[in-house]
Amino acid sequence: IKNLTLGLGVLILAILGIWLISARPASQETPANDHPQAEAQADGTQVVQVTAKVGYSPAVTVAKADTPTKLKVVTNNTYDCSIALTVPAVGYRGMLPYSGTTEIDIPPQKAGTEIQGVCTMGMYRFQIKFI
């Protein structure tokens, strides 16, 4: 019974920890106009840069709709699950290098489209919002 009680206590603490980590107060929500913007290029494209290391940063980037976009994912001694990236909307699934830059082409998107990138474990995410 002692092992059962200990196991149940650990399970309850794990569930509480996951809930606390995933809970995000509404006060931390950032309006869309406060998110980083994609960088316009001279050739009419735009670049969204995301850093992958213990998650993705920035978590949300705003990009111009109807514009070809290049997603640049930068790693620097990244050894966590954020190097295993999936971007379902564009059919990308791959392992990022531990250090380097990976470029992913995103075709022009309609206004209101939101593209997500996620690690294969589902722990870390980022989003590009097209306006």
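Residues numbered from 1 in each chain as written. Predicted model: local features only at pLDDT ≥ 70, side-chain atom pairs only at ≥ 80, totals over all residues. Heavy atoms only, no water.

Participant: How should the pairing of strand E7 (residues 92–95) be read in this particular structure?
Facilitator: On a regular strand, one side chain projects to one face of the sheet and the next to the other, so that they alternate. Where strand E6 (residues 84–87) and E7 come together, four bridges link them in antiparallel fashion. Counted as the bridge partner of valine 87 is tyrosine 92 from E7. (Pairing = 2+ DSSP bridges. Helix = DSSP H or I, 4+ residues; strand = E, 2+ residues; numbered from the N terminus.)

Participant: Quick question: what am I supposed to make of the nonpolar core here?
Facilitator: Considering soluble globular proteins, one finds that nonpolar side chains tend to be buried as a cluster. Core analysis: the largest hydrophobic core is formed by 23 residues, its most contacted members being Tyr56, Leu71, Leu85, Val87, Phe126 and Ile128. Of all the elements in the fold, those that place two or more residues in this core are strand E2 (46–52), strand E5 (69–75), E6, strand E8 (100–106), strand E9 (114–119) and strand E10 (125–130). Ignoring sequence-local partners within four residues, the contact set of tyrosine 56 consists of Val50, Thr51, Ser82, Ala84, Leu85, Val118, Cys119, Tyr124, Arg125 and Phe126. (Core = buried A, V, L, I, M, F, W, Y, C linked by side-chain atoms within 4.5 Å. Buried < 20%, exposed > 50% of the residue type's maximum accessible area, 1.4 Å probe, protein only. Contact = heavy atoms within 4.5 Å.)

Participant: Explain unusual backbone geometry to me, please; I cannot follow it from the model alone.
Facilitator: Among all residues except glycine, the phi angle is most often negative; among peptide bonds, the trans geometry is most common. Put simply, serine 57 and proline 58 share a cis peptide bond, and its omega is 0°. Relative to the helices and strands, proline 58 is located in the loop between strand E3 (56–57) and strand E4 (60–63). The backbone of valine 54 sits at a positive phi, close to 50°, despite the residue not being glycine. Here valine 54 shows up in the loop between E2 and E3. A positive phi angle is found at aspartate 66, which is not glycine, with a value near 60°. Summarising the element assignment, aspartate 66 is placed in the loop between E4 and E5.

Participant: I'm lost on the sheet that holds E9 in this one. Help?
Facilitator: The strands making up a sheet are joined through hydrogen bonds of the backbone, oriented either antiparallel or parallel. Here we have five strands laid out as an open sheet, ordered E4-E10-E9-E6-E7, and mixed in their pairing. Strand pairing shows two members of the sheet lacking a second neighbour, E4 and E7, which therefore form its edges. Here the strands of the sheet are splayed against their neighbours by 15° on average, with no regard to which way each runs. Bridging between E4 and E10 involves four bridges; their strand directions are parallel. Of the residues in E10, the one forming a bridge with alanine 63 is phenylalanine 130. (Axes fitted to C-alpha atoms, helices over the stretch in contact; angles between N-to-C directions.)

Participant: What's the story with the pattern of salt bridges in this structure? I'm lost.
Facilitator: Pairing of side chains with opposite charge becomes possible as their charged atoms draw close. Evaluation of the coordinates by the stated rule reveals three salt bridges. One salt bridge connects glutamate 103 with lysine 70, and the closest N-O pair in it is separated by 3.7 Å. Highlighted residues: glutamate 103 in strand E8 and lysine 70 in strand E5, separated in sequence by 33 residues. In this structure, glutamate 103 and lysine 72 form a salt bridge, with 3.7 Å as the shortest nitrogen-oxygen distance. A residue pair is termed long-range when its members are at least 10 positions apart, and glutamate 103 in strand E8 and lysine 72 in strand E5 qualify at 31 residues. In this structure glutamate 103 comes out as partly exposed when scored by relative accessible area, which is 45%. Linked by salt bridges that have partners in common, Lys70, Lys72, Glu103 and Asp105 make up one network. (Salt bridge = Lys/Arg side-chain N within 4 Å of Asp/Glu carboxyl O.)

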